[in-house]
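Structural description and commentary
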Amino acid sequence: MSATRVAVYAANPATTRGVSTKLSASKEKVVYANGKAVFIRDIANPALGVSYVGHVQNTTVARISPTGYYCASADALGTVRIWDTVGEDQTLKGEYKVISGKINDLAWDGESKRIIAVGDGKEKFGHAFMFDTGTSTGDISGHSKAINGVAIRHQRPFRAATAGDDNAIVFHQGVPFKYDKTIKTHTKFVQDVQYALTGNHFASVGSDGKVFLYDGKTGDTLGEFTESHKGTVYALSWSPDSKSISTASADTTVKLWDVETRQATATYTLGAGVQHQQVGNVWSAPDTIVSLSFSGDLNVFDRRTGAKPVKVLYGSQKAVTSAAPAASDTFLVGSADGRILAYDAGGDATPVTGAGHTNLVSALVAAPSSGKVFSAGFDDRVREVDGNSFTPAAFSTASQPKALAAAPDGTLFVVEVDAVEAVRDNQKVADLRPGASPTAVAVTGTLVAVGLENHKVRLYNWDGKAFQEAGLLEDNRGVISALAFSPDGTKLAAGDSSGKVILYDAQQRTLLTTRWTFHTARVNALSWTADSQHCASGALDTHVYVWSVRVPSKNIAIKNAVAGGANAVLWVAQQQQQPGGKARLAAAGNDAAVRVWEVAFHA
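The written sequence of each chain sets the order in which its residues are numbered from 1. Local features in a predicted model are, by the rule used here, given only for residues with pLDDT of at least 70; side-chain atom pairs are given and counted only at 80 or more, and totals for whole chains, interfaces and linings are based on all residues. Excluding hydrogens and water, the side-chain values take into account all heavy atoms of the structure.

1. Quick look at the overall build of the chain
Note the cut-off: In this description a helix means any DSSP run of H or I spanning at least four residues, a strand means any run of E spanning at least two, and both kinds are numbered starting from the N terminus. Partly exposed describes any residue whose relative accessible area lies between the buried limit of under 20% and the exposed limit of over 50%, with all areas from a 1.4 Å probe on protein chains only and scaled to the type maximum.
Of regular secondary structure, the chain possesses zero helices and 55 strands. Referenced to the eigenvectors of the C-alpha coordinate spread, the extents of the chain come out at roughly 85 × 50 × 40 Å. Buried positions account for 59% of the 603 residues belonging to the chain.

2. So, the environment of Ala128
Rules: The contact rule is simple, with two residues in contact once any of their heavy atoms fall within 4.5 Å.
Structurally, the position occupied by Ala128 is in strand β12 (residues 126-130). For the pair Ala128 and Tyr69, spaced 59 residues apart in sequence, the C-alpha separation works out to 20 Å. Here Ala128 is in contact with Ile115, Ile116, Thr135, Ser136, Thr137, Gly138, Ile140 and Phe177, once residues within four sequence places are set aside.

3. Looking at the sheet that holds strand β21 (residues 233-238)
Just so we agree on the cut-off: Being paired, for any two strands, means DSSP has found at least two bridges between them. Note on method: axes are straight lines fitted to C-alpha atoms, helices fitted across the in-contact stretch only, with angles between N-to-C directions ranging 0 to 180 degrees.
Pairing in this open sheet of four strands is antiparallel, and the strands run β21-β22-β23-β24 from one edge to the other. Two strands in the sheet have a free side with no partner beyond their single neighbour: β21 and β24 (263-269). Between one strand axis and the next, the sheet turns by 20 degrees as a mean value, whatever way the strands run.

4. Comments concerning unusual backbone geometry
Following Arg156, the chain continues into Pro157 via a peptide bond in cis, with omega recorded as -5 degrees. In this structure, the amide linkage connecting Val175 to the following residue, Pro176, adopts the cis form with an omega of 0 degrees. Relative to the assigned elements, Pro176 resides in the loop between β15 (169-173) and β16 (178-183). Positive phi, normally seen in glycine, also occurs at Arg262, with a value near 55 degrees. Summarising the element assignment, Arg262 is placed in the loop between β23 (253-258) and β24. Since its relative accessible area comes to 24%, Arg262 is described here as partly exposed. Positive phi outside glycine occurs at Asp425, with the angle close to 55 degrees. Relative to the elements of secondary structure, Asp425 occurs in the loop between β39 (420-424) and β40 (427-432).

5. Examining the sheet that holds strand β48 (residues 510-516)
Sheet architecture is open: four strands sit in the order β45-β46-β47-β48, paired in antiparallel fashion. In this open sheet, the two strands that pair with only one neighbour each are β45 (480-485) and β48. Across the sheet, the mean angle from the axis of one strand to that of its neighbour is 20 degrees, orientation sign disregarded. Sheet topology places β45 next to strand β46 (residues 491-496); five bridges connect them, and they run antiparallel. Across the sheet, Leu483 pairs through a bridge with Ala494, a residue of β46.

6. Section: the packing of aromatic side chains
Let me state the cut-off plainly: Whether two aromatic rings pair depends on their centres lying within 6.5 Å, for rings of Phe, Tyr and Trp, where Trp uses its six-membered ring; planes under 30 degrees apart make the pair stacked, over 60 edge-to-face, and the rest tilted.
Here the structure, examined in full by the defined rule, presents 22 aromatic pairs. Ring geometry for Phe202 against Tyr214: centres 4.7 Å apart, planes inclined by 15 degrees, an arrangement best described as stacked. One end of the pair, Phe202, is in strand β18 (residues 201-206); the other, Tyr214, is in strand β19 (residues 211-215), and twelve residues separate them in sequence. For Phe202, a relative accessible area of 0% gives the class buried.

Below you can see the structure in the form of structure tokens.
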């Protein structure tokens, strides 16, 4: 048995209210930070995503070198890591502690040798250094408050501009970089500054809604762009030919400007409200602009077409907490911010629309009879998903729901703090109080399994109106954290907080094996193949295992599968109706990305 990773569906960028989010691009790919990870996302093919999880603190910005061989990424405690983007090893080239605080931006020089990193430090707000040795290449000074942006002229003689919360832009000569002058064009925070690829000009944007143009060699102010934005301008980006710039603003618009005339040539309006504020921006190809909404959506514009995005790239911003299959090769994932996304066979994600959850989605389950999907959230609601939208009706739970299971007769079993509620058509049918606090639930036919905090699994027969006790399973050694019946209804897998998965005979109520014990932390999710011969488990230890029923001692180990821990595993495409077949397994968790492996089983 073996597993080969075939796709990484990237998370979307993390955003913070009132803060510019730095995007960068390289060869039709967008680069950004989310959580402790850095993602390189292919605009055309979502399966070609790359994730880097080498940071131990939350990442803030990432930029690929002009050569394309290395990526520099920075985090909230002032560390910059330079790593190889060629190949899958992501070899670390260097790690440097550059300032004693959050890094807000960094920039490469045109030779891919020097980096300037800036942010909110204690002793200093910026540092210039060689990427391979960490040796200082000058002094970044002149600001009295945190620096928000930095840009380096790609041609010699090198120049650098930094933009800060002191309403100032500081122009530096180089190399070595040293203070030249302070430019006071903006009246509020300066959010971003960028050099044109030709090096002839650089531009700045700020909270005063204004855009200014400067000479790239001398730093002299050339003028202000007319028809400025009506809100804070968070980001700007130059076109590859250095003749146009794009700006992203809190007034929910993206504007394109002609540099020679300093006039707006196009305005894209994304909507209204906070979620549509534009907080990031990058020009990724001659005619392609990518803008970031506060909601995390990446809007892709083609300046040759109309006033709407030609494509919107969706993904989770927060940890993925649950998953469930939907129609054909589509599957749904729920996240910690209450959002549910539907992924199709190609990896394109679309949000489930309508009145959804306002808090963490704790469970998703597909109903075996209707094909609908039900969701439970920490907003104490159980909702129904029909296609790509929520139905208007919802069921209010008595307490916070933790798990769901759906029976063939349309009954939904909801695990709460001290009870299991049986719900049908958004009406409570019965409830069960098993003595100990319930933690997990699974159902096959009329047999319901309830996992408990006292390390036991209780079995009940369900007649559509009431529970009748049918057995007790006592071989787990930890709190039951996940339960799953095999599709044929003959086996029950029970994962617990100690990392063990115990396999039971569901009909005889007997133990089958205790050999599925390689996890070292809580098992969060279980998923069976369609032929009931293999079970996948995902755990807090970041690993995913595929277990064999025929040969319990054999398994497929996918180590470090999900950074931060796997919360969901799901078989998404299966062709293994005979030994030696293959299937695709998706896993997701705390880094908000979805990864897919092709699993080859034993012949």
